[in-house]
Amino acid sequence: MDVTQSDEDTVDALKLFSKNSSKTAGSDPYRYKMDYPCIGTCLIINNKNFHRSTGMGARNGTDEDVDAAIKTFSELGYKVNVNTDRTVAEMKQLLYSASKEDHSKSASFACVLLSHGDEGVIYGTDGFEKLEKLAEYFKGDRCKSLVGKPKLFFIQTCRGAELDNGIEADSVDAQTSERIPVEADFLYAYSTAPGYYSWRNTTNGSWFMQAWFMQAWYMQAWYMQAWYMQAWYMQAWFMQAWFMQAWFMQAWFMKALCKMLTRFCGELELMQIMTRVNHKACRGVDLSDESIIEADSVDAQTSERIPVEADFLYAYSTAPGYYSWRNMTNGSWFMQALCEMLTRFSGELELMQIMTRVNRKVALHFESSNYKPGFSGKKQIPCIVSMLTKDFYFPDFYA
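Definitions and limits used
- Residues numbered from 1 in each chain as written.
- Predicted model: local features only at pLDDT ≥ 70, side-chain atom pairs only at ≥ 80, totals over all residues.
- Heavy atoms only, no water.
- Helix = DSSP H or I, 4+ residues; strand = E, 2+ residues; numbered from the N terminus.
- Expected span 1.5 Å × (residues − 1).
- Buried < 20%, exposed > 50% of the residue type's maximum accessible area, 1.4 Å probe, protein only.
- Polar contact = N/O pair within 3.5 Å; in protein donor to acceptor, adjacent residues only side chain to side chain.
- Core = buried A, V, L, I, M, F, W, Y, C linked by side-chain atoms within 4.5 Å.
- Contact = heavy atoms within 4.5 Å.
- Patch = residues over 30% accessible without salt bridge, like charges linked within 9 Å, V, L, I, M, F, W, Y side chains within 5 Å.
- Areas by Shrake-Rupley, 256 points an atom, 1.4 Å probe, with all protein chains shown as cover.
- Salt bridge = Lys/Arg side-chain N within 4 Å of Asp/Glu carboxyl O.
- Pairing = 2+ DSSP bridges.

A. Main features of helix 9 (residues 351–365). For helix 9, built from 15 residues, the straight-helix expectation of 21 Å at 1.5 Å per residue is met to within 8% by its first-to-last C-alpha distance of 21 Å. By the criterion of burial, helix 9 is predominantly enclosed, with 12 of the 15 residues buried. Within helix 9, burial applies to Leu351, Met352, Gln353, Ile354, Met355, Thr356, Val358, Asn359, Lys361, Val362, Ala363 and Leu364. Where helix 9 starts, the residue carrying a side-chain oxygen 2.9 Å from the main-chain nitrogen of Met352 turns out to be Glu350.

B. View of the side chain of Asn47. Topologically, Asn47 is positioned in the loop between strand 2 (38–46) and helix 1 (62–75). Engagement of the side chain of Asn47 in a polar contact is seen with the backbone nitrogen of Arg86, the distance being 2.8 Å. At 2.9 Å, the side chain of Asn47 forms a polar contact with the backbone oxygen of Tyr123.

C. Examining the nonpolar core more closely. Counting 46 residues, the largest nonpolar core has Phe73 and Tyr78 as its most contacted members. The element that contributes the greatest number of residues to this core is helix 8 (residues 333–345), accounting for nine residues. Those residues in contact with Tyr78 that sit more than four places away from it in its chain are Ile39, Gly40, Thr41, Cys42, Phe73, Ser108, Ala110, Leu152, Phe392 and Phe394. With 25 residues, the next largest nonpolar core counts Leu113, Ala135, Tyr137 and Cys383 among its residues.

D. Layout of a nonpolar patch on the surface. On the surface, a cluster of nonpolar side chains totalling about 260 Å² of accessible area is made up of Phe186, Tyr188 and Tyr190. Topologically, Phe186 is positioned in the loop between strand 10 (177–180) and strand 11 (200–201).

E. Spotlight on the sheet that holds strand 1 (residues 9–11). One open sheet holds the three strands; their spatial order is 1-16-17, and the pairing between them is antiparallel. Here the strands that pair on one side only, and so sit at the sheet edges, are strand 1 and strand 17 (331–332). Taken together, the two bridges between strand 16 (residues 325–327) and strand 17 define a ladder with antiparallel strand orientation. Paired with Arg326 across the bridge in strand 17 is Ser332.

Purely spatial values, then, with no claim about function.
Here's what the structure looks like:
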């Protein structure tokens, strides 16, 4: 266990505180196309020093995260753009400018945000802004050249002031125990995205619940899902409240869920099944709504209508309401685990599988050491919010 002893851990919070990959998109409707001239741009914003008026201290150790991110994303093939100590206005301008670039020859877009924060907000050097305000520039109706392409946000900030005391759990071999975060091993599947309607027919009931009961989840789906989830829980592979959601305006989430579970149970990993649920939900309903936008289909000869919120991934360093730990010498737990897992598995595993391994690394291999009373021996679990609609395999750009 990589428990820090001599170096102090701190938090990003309020002041109180090429192996050739065999994975090719081809004509697979469930896999993002990667046959573009460039995999894309990676925008890194690293806020280390803050104006006195914010009450925020310097984020020592963050430079280690930047170095790791530059190395990792460069090796993945991204064009890395690093920016340090930016005000809120400058952060917004950077993201706005990035959204206005021509991404037509890029397969994706990545953004790494390193700063202080609280639930739903991130700090610039002079104040804070809602995260949703920074990401909204890349929605489908605002950034047309990234429509239908993955937009990946990796966010190293605190999301509150709670501390995770951890809990003892049996290890895989059942002979020893290990301490895991109390927030580990949850999945939340929401019928719609934050801030959006979830539709309910006044005669037949909600689409979400009625689809659930009508489909009855099929006996096979019940059995196979229970089998898989129990296996993952016991091995502590699925380490976080993924907040995996249909996330789509006017989408029959439960109907898509039942179909995908029935079709792919026994064949695919759960998060890959949930990605297919997203894909089915956002492409399976043809409605007239301003929240839906045209996108090229796989064969590039036709177009399909998808939600403007589709194809985003938000990888948060910690669960809602919790501190996010950063070692002042070695960097943050999340970013160091992220870069390690991306480097190790990018030519082998799908992105959501990689992120599960990031969750596991952070949850099991780190524990805080801090001089403040009550701040040592704490745990952390990342939180992955996915609106991806296809499997994402990094091309292998290693020599």
